[in-house]
Amino acid sequence: MSVAAAAKIDTGDTAWMIVATALVMLMTIPGLALFYGGLAKRKDSLNTMAMSFVTFCIISLLWVLYGFSFSFNGDISGLMGDAGKAFLKGVGPGSINDLAKTIPEYIFIVYQLTFAAITVALASGAYMNG
C-alpha cells in the first residue's frame, strides 16, 4: 500500500466525525450545564450553568493554542508532545494527522477538543456540587 493511498480523506469518515463531534459538544454545553444547573440550589443554577459554558470556552482556546500540540505532536522523553504545532502551526485544510489518516486534521483537532473540554467541565461540576 502506497503512502498516498494511506493518506486519503474519506468523506464517510469525515461526516461521521463531524456528527460525533457535535454529539459530544451537545453533551457538554446544554447537557452537562442543564444537569449541573438542576442539581444546584435555585439561586446558584444560572452560575453553575455558566461555569460549564465558560469552562468549555476556555479549554477550547487553550487546546487550540498549545493543548493539541502537547498531546498529539512529537515526543519529549515519552512524557508529552512538543510545541511544533502550537497555535496550529502547519495545520491546513488538506493536512492529515498520522493518528487519523482518513479525516482532515481540523476535524481531528475539534473532536479531541470536545473531550478535553468535557473532562474539565465534569471535574468542575464535582467542585460546584460537592
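Only a predicted model underlies this, so the values are computations on that prediction, with no experimental measurement involved. (Residues numbered from 1 in each chain as written. Predicted model: local features only at pLDDT ≥ 70, side-chain atom pairs only at ≥ 80, totals over all residues. Heavy atoms only, no water.)

Enquirer: Describe the side chain of Thr14, with residues and values.
Expert: With respect to the helices, strands and loops of the structure, Thr14 is situated in helix H2 (residues 11–39). Residue contacts for Thr14: discarding those within four places in its chain leaves Ile9, Thr102, Ile103, Pro104 and Ile107. (Helix = DSSP H or I, 4+ residues; strand = E, 2+ residues; numbered from the N terminus. Contact = heavy atoms within 4.5 Å.)

Enquirer: Just give me the short version of H2, but keep the residues and values in it.
Expert: Owing to its 3.6 residues per turn, the α-helix brings residues three or four apart onto one side. Here H2 is 29 residues long and its end C-alpha atoms lie 41 Å apart, about the 42 Å a rise of 1.5 Å per residue gives. Its axis deflected by about 35° at Gly31, H2 carries its strongest bend there. For H2, every residue scored as buried is listed here: Thr14, Met17, Ala20, Thr21, Val24, Thr28, Leu32, Ala33, Tyr36 and Gly37. Two or three places before Gly12, at the start of H2, stands the capping residue Asp10, its side-chain oxygen 3.3 Å from that residue's backbone nitrogen. (Expected span 1.5 Å × (residues − 1). Bend = angle between axes of the 7 residues up to and from the residue. Buried < 20%, exposed > 50% of the residue type's maximum accessible area, 1.4 Å probe, protein only. Polar contact = N/O pair within 3.5 Å; in protein donor to acceptor, adjacent residues only side chain to side chain.)

Enquirer: I'd like a rundown of helix H3 (residues 45–72), residues and numbers included.
Expert: Of all the bends found along H3, the most pronounced is centred on Trp63 and spans about 65°. Of the positions making up H3, those classed as buried are Ser45, Thr48, Ser52, Thr55, Phe56, Ile59, Ser60, Trp63, Gly67, Phe68 and Ser69.

Enquirer: Quick rundown of the pattern of salt bridges? Include the residues and the values.
Expert: Oppositely charged side chains can form a pair if their charged atoms are brought close together. Considering all chains together, one arrives at 1 salt bridge under this definition. A salt bridge links Lys85 to Glu105; the nearest nitrogen and oxygen atoms lie 2.5 Å apart. One end of the pair, Lys85, is in the loop between H3 and helix H4 (105–128); the other, Glu105, is in helix H4, and 20 residues separate them in sequence. (Salt bridge = Lys/Arg side-chain N within 4 Å of Asp/Glu carboxyl O.)

Enquirer: Describe unusual backbone geometry, with residues and values.
Expert: At Ser77, a position not held by glycine, the phi torsion is positive, near 55°. Secondary-structure assignment places Ser77 in the loop between H3 and H4. Positioned with a positive phi, Phe87 is a non-glycine residue whose angle comes to about 60°. Relative to the helices and strands, Phe87 is located in the loop between H3 and H4. Taking relative accessible area as the criterion, Phe87 reaches 62% and is therefore assigned exposed.

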